[in-house]
Amino acid sequence: MDIFINFVILIVGFAALIKGADWFVDGSSGIAKIFNVPGVIIGLTIVALGTSAPELAVSTSAAINGSNEIALSNVVGSNLFNTLIVLGVCAVIYKLPVDKDIIKRDMPLNLLVTIIMLVLTTIPLWTSNNILNRKMNENVGEVSRIVGLILLAIFIGYLIVLIRHAIKNPVEEKEGEKKPVWLCILLILIGVGLIVGGGEAVVHGAKNIAKAFGMSETLIGLTIVAFGTSLPELVTSVVAATKKQTGMAVGNVIGSNLFNILFILGLSSTIHPIAVNMASVFDMIILTVVAITVYLMSVRKHTISRGKGIILILIYAADMVFAVMR
């Protein structure tokens, strides 16, 4: 009976995610149309902030409760899922053209802040003489409050750049009926509520189902929970791709990644410094390589093709196998 109830919760959660993402994309694109703001900017800001709400809730709650080790793995794991699965699935559904501003501004910044996160949090490791003999659960660095404040400062500067760009480069007014501002805002708010609530329901239902079938807590955390907190990005970007709002789909992924590192990790570590273990170091190195890979994929022809999407999905599968085996 309990398994049946959890299956119902899981299905309802997925339904809420899909409908919420649909309304969220409609409301966001409506706002872009009203104010002549490029869809890619909306994707990098409103959509990215909204879909990262589960990660924000998990990380800040963990930091406040003193169990903030999860904050770093949550950010890194979500960014890996966003880059490899969300972009990969969207590219398989519909070839993704990548906006030139994302290639010139946002992807390089995403790579830069990923490297900054890796370097600033692992300085004690690289200055030691015993790097190779470290255990996976051994603490080798820290995301300090200073690092957190640096990340938050970069985040504020990034938002200012985006806003100034939108003001200086308004898009031409599009034909067709425009939704009222109040309706767009209502769609966005209801969409966020359904996305966050749906994600929570999916994680809750899937976790209980996994336990009923004897899966370990570690495996649950690496698969279902990581998947569940990133479901908003996946569903929103897939819906945007099917609506051919491809700029919003790619912008949502890159914006969410930047938001996760700069704001969520920055805020969490400012609340309470975060210990970094060797497992997280490996994950951050993999994330850096993935960021470079996607950037190189996007530079050529300014598109992420179906073939490239399949490659990204396979990389994620290999990383999950590595994570479980280690």
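This is a predicted model, so every value here is computed, not measured.

Conventions and cut-offs
Residues numbered from 1 in each chain as written. Predicted model: local features only at pLDDT ≥ 70, side-chain atom pairs only at ≥ 80, totals over all residues. Heavy atoms only, no water. Helix = DSSP H or I, 4+ residues; strand = E, 2+ residues; numbered from the N terminus. Buried < 20%, exposed > 50% of the residue type's maximum accessible area, 1.4 Å probe, protein only. Contact = heavy atoms within 4.5 Å. Areas by Shrake-Rupley, 256 points an atom, 1.4 Å probe, with all protein chains shown as cover. Expected span 1.5 Å × (residues − 1). Salt bridge = Lys/Arg side-chain N within 4 Å of Asp/Glu carboxyl O. Pairing = 2+ DSSP bridges. Phe/Tyr/Trp six-rings, centres within 6.5 Å; stacked < 30°, edge-to-face > 60°. pLDDT = per-residue confidence, 0-100. Axes fitted to C-alpha atoms, helices over the stretch in contact; angles between N-to-C directions. Parallel < 35°, antiparallel > 145°, perpendicular 65-115°, else oblique. Nonpolar A, V, L, I, M, F, W, Y, C, P; charged D, E, K, R; others polar. Core = buried A, V, L, I, M, F, W, Y, C linked by side-chain atoms within 4.5 Å.

1. What to know about the overall build of the chain
Along the backbone of the chain there are 13 helices and four strands. Scored against the burial criterion, the 326 residues of the chain give a buried share of 49%. In the chain, 86% of the contacts between residues at least 6 apart in sequence involve partners at least 24 apart. Split by element, the accessible area of the chain, about 14800 Å² in all, is 68% carbon and sulfur.

2. Quick word on helix 1 (residues 2-34)
Relative to the 48 Å expected for 33 residues at 1.5 Å per residue, helix 1 spans 47 Å between its end C-alpha atoms, a close match to the ideal helical length. Asparagine 36, located one to two residues past helix 1, shows a positive phi value of around 55°.

3. Let's talk about the pattern of salt bridges
If you walk through the whole model with that rule in mind, you get one salt bridge. Aspartate 106 serves as the salt-bridge partner of arginine 105, at 2.9 Å between the closest nitrogen and oxygen. Across this residue pair, the class does not change: arginine 105 and aspartate 106 are buried.

4. Side note on the pairing of strand 3 (residues 274-277)
Side chains of strand 3 alternate between two faces, with Ile274 and Val276 buried and Ala275 and Asn277 left unburied. With four bridges connecting them, strand 2 (residues 139-143) and strand 3 associate as antiparallel partners. Bridging across to strand 3, valine 143 finds its partner in isoleucine 274.

5. Description of the packing of aromatic side chains
Scanning the entire structure with this criterion turns up five aromatic pairs. On the numbers, 5.6 Å between centres and 85° between planes, the contact of phenylalanine 81 with tyrosine 316 is edge-to-face. In this pair, phenylalanine 81 sits in helix 4 (residues 69-93) while tyrosine 316 sits in helix 13 (residues 306-325), placing the two residues 235 residues apart along the sequence. For the pair phenylalanine 81 and tyrosine 316, a shared accessibility class is recorded, and that class is buried.

6. A word on unusual backbone geometry
For histidine 302, which is not a glycine, the phi torsion comes out positive at approximately 55°. Within the secondary structure, histidine 302 is located in the loop between helix 12 (278-299) and strand 4 (303-304).

7. Quick word on the confidence of the model for the chain
Mean pLDDT over the chain works out to 81, with 83% of the residues at or above the 70 mark. Predicted confidence in the chain is weakest over helix 9 (residues 217-229), with a mean pLDDT of 62, and strongest over helix 5 (residues 100-121), with 92.

8. What about helix 7 (residues 145-168)?
Given a rise of 1.5 Å per residue, 24 residues ought to cover 34 Å, and the 35 Å separating the end C-alpha atoms of helix 7 matches this to within 8%. Every buried residue of helix 7 is listed here: Val147, Gly148, Leu151, Leu152, Phe155, Tyr158, Leu162, His165 and Ala166.

9. Description of the packing of helix 12 against helix 13
In the contact formed by helix 12 and helix 13, the axes pass within 12 Å of each other and the chain directions differ by 175°. Judged by the inter-axis angle, helix 12 sits roughly antiparallel to helix 13. Contacts between helix 12 and helix 13 pair Ile286, Val290, Val294 and Met297 from the former with Lys308, Ile311, Leu312, Ile315, Asp319 and Phe322 from the latter. Tallied by class, residues from the contact of helix 12 with helix 13 come to eight nonpolar, no polar and two charged.

10. Thoughts on the nonpolar core
Ranked by size, the top nonpolar core spans 77 residues in total, and within it Leu72, Leu87, Met117 and Leu265 carry the most contacts. The biggest single contributor to this core is helix 4, with 11 residues. Look past the residues within four positions of leucine 87 in its chain and what remains in contact with it is Asn82, Leu96, Val250, Val253, Val294, Ile304 and Leu312.

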